[in-house]
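Summary of the model geometry
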Amino acid sequence: MMEIFEIISEIWDWLMAHLLGINLVLSVVIVFFQRRDPKAVWTWLLALYFVPVFGFFFYLLLCQDMKKSKMFRIKEVEDRLRMSAEGQEKFLKGHDLNTDEPMGRDYKDLVLYNLQLSGSVLTVNNDVEIFTDGEEKFQDLRRELKKAKHFIHIQYYIIKNDEVFDSLVPILTDKVKEGVEVRILYDGMGGRFMPGRRWEELRRAGIRTAEFFPPFLGRLNLRVNYRNHRKIVVIDNEVGYVGGFNIGKEYIGKDRKFGYWRDTHLKIRGEAVISLGIRFALDWNYAAGENLFLHGRYFELPARKERAWDDPLGLQVIASGPDVETRQIRNNYLELFHKAKKHIYIQTPYFVPDDAILSALQIAARSGVDVRLMIPCMPDHPFVYWATYSYVGDLLRSGARCYKYEDGFLHAKAVMTDGRVSSVGTANMDIRSFELNFEVNAVIYDEETTEKLEQVFLYDLQSCHEITMEEYSQRSLWIRFKEQCCRLLSPLL
C-alpha cells in the first residue's frame, strides 16, 4: 500500500513540476485542433487556468466534436431525402409560390434553405392542433394510442417512473398483444429516473426500447453534454406529436416545486407526420441498431378517402444537433427575426442567445418591431436562469418588452412572427439547444395556426409580470453578481 502512495505522490510531484508546460500543450489542443466559437475557447482556457490539467479532462468529457461523425447517417435515407429535396428545390426555383400565403415570396428563401441544408421537405397537406396543458395533451395521446393498428414510435428526452408513464404502459402492452409494434427511445441522461427493472419488464412484454448515448460504469456518461432533447410520437403515420412536454408528473402540474406547468405541444396530421417518422427512425437506428428504412411501411402515408381539413397548411420539420455543421434551428430563428416587420413573440424557459440572435432581436426592436420575450419566474436550472436574466437587460435597453410568467413554470418553446410564420418544438433559445442538444422543431407557414399561437401568448400575458427597465436597473448587487458569473459561463451552459 505504501508503494502505491509513493507512486501517486511521485506522479503528482511530476505534474506540479511540469504544470506550465502541460497546460501550454493542452491549450494548444483546445485552440487549434477543434474549431469552436472564440468565447467558448476562452471560457475553456480559463477553466484550464483555474483547474490545471483536470480542466482538460472536463473538456474531453463535455466537448467531443461530432460534426464529422457518420454515426447518424444511413445511405438509404440520405439518398431518399436528397432526391425528394432536389425535386422540390427545382420546382420552387422554377415557380413562384402563392404570394397570398405565408410560405409565398417572403419565405420562399427560408423554405429553400431548409431544403438545401437538411433535406427538410415542405409539406402542405397538414392539420395542426395546439396543446398548452399537460393533462389535455396526455389524454389526447392516450386516445390516439388506443387507435393504433400497426406501429407506435415514442421518443422523449425524459421518461420518469411515475403516474404519467403508468397511464401509458397498459395501453402499450395491450397494443403489443394485438400485434402492434411499439418502440420507445429515451435519452441516457433523461432516462436516468427510470429503474432498469422497469425497462426489462417492458421488453418482456414485447415493447422494444433503446437508450440514446447510454452511460457506462454505472452512471458515468462520456457524452453527458450531448442530450437527445427531442420529443416525438408517431402512430401509424396517422398522427404525430412534437413539442416541449416530457413524460413525468411535473408536466401535468403535479410537482409542488413548479406548480402548474405551461408548455406548448403540437399534434400533427398529414404529410408532415412522415417527416417526424424519419427523424425518429434516424435516432432509433443509431441507438437500437435496427434500420427501419429497410421497411417502407414506416414511411408511407395511410390512404385517405377524404381529408378532415380543407385549407392547405405548410410545414417543415427541421432538426439540429452536434453531428451537423449547420445550426439549422438557430438559423431559422435568425431568419425569422430578420424578416419580421410588425412583431416577434418568443416563449422560452432559457434565453442564452449567441451574438447573432441577440443582435437580430436588438436591431428589430430598435427598428420599430414589437419584440416581446416571455420567460419563467422561477429557475429549474439556476445558472441558466441568471444568465437569462442578464440577457433580458440587453433586450430592455434596446426597447424590447420582457415578461416573467408567474402562473407556474413556463417551459414552452415557441416563436411567432407577424401573425404569419411560427416555430414550435423542443429547442430553447439558448446556445445549448443551438449547438449541443439534438433538437427538432416544426416551422409552420400558416396564418391561422400562427395567430392561434399568438393569441395564446397574449392570453399568457395576463399571468405575467412585466420587467421594466426601471425595475431591472434597481436589482440588487447580489443578483448582478450572479448574472455576471453565469453569463461568463454561458458558452458552456
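These numbers come from a predicted model, not from an experiment.

Quick look at the overall build of the protein chain
A count of helices and strands for the protein chain gives 17 helices and 18 strands. Relative to its full complement of 493 residues, the protein chain shows a buried share of 55%. Contacts in the protein chain between residues at least 24 apart in sequence constitute 80% of all its contacts with a sequence separation of at least 6. On the protein chain, roughly 22600 Å² of surface is accessible, and the fraction owed to carbon and sulfur atoms is 55%.

Description of the UniProt feature "domain: PLD phosphodiesterase" (unreviewed entry) in the protein chain
As annotated in UniProt, the feature "domain: PLD phosphodiesterase" (unreviewed entry) corresponds to residues 224-251 and 406-433 in the numbering used here. With 11% helix and 46% strand, residues 406-433 has its two end C-alpha atoms placed 24 Å apart.

A look at the sheet that holds strand S8 (residues 314-320)
Taken in spatial order, the eight strands of this open sheet run S8-S17-S15-S14-S9-S11-S12-S18, and their pairing is mixed. Looking at the sheet topology across the chains shown, the edges are occupied by S8 and strand S18 (464-467). Along the sheet, successive strands turn relative to each other by an average axial angle of 15°, direction set aside. Where strand S14 (residues 414-417) meets strand S15 (residues 421-425), four bridges bridge the pair, whose relative direction is antiparallel. Looking at the pairing, threonine 417 lines up with valine 421 of S15.

Looking at the packing of aromatic side chains
Overall, the coordinates contain 20 aromatic pairs when judged by the stated rule. For the pair tyrosine 389 and tyrosine 472, a centre-to-centre distance of 5.7 Å together with 45° between the ring planes defines the contact as tilted. Linking tyrosine 389 in helix H13 (residues 382-397) with tyrosine 472 in helix H16 (residues 469-473), this pair joins segments that are 83 residues apart in sequence. Each of the two residues, tyrosine 389 as well as tyrosine 472, counts as buried.

Reading the values: the criteria
Residues numbered from 1 in each chain as written. Predicted model: local features only at pLDDT ≥ 70, side-chain atom pairs only at ≥ 80, totals over all residues. Heavy atoms only, no water. Helix = DSSP H or I, 4+ residues; strand = E, 2+ residues; numbered from the N terminus. Buried < 20%, exposed > 50% of the residue type's maximum accessible area, 1.4 Å probe, protein only. Contact = heavy atoms within 4.5 Å. Areas by Shrake-Rupley, 256 points an atom, 1.4 Å probe, with all protein chains shown as cover. UniProt positions renumbered as here; feature names shortened; annotations may be inferred. Pairing = 2+ DSSP bridges. Axes fitted to C-alpha atoms, helices over the stretch in contact; angles between N-to-C directions. Phe/Tyr/Trp six-rings, centres within 6.5 Å; stacked < 30°, edge-to-face > 60°.

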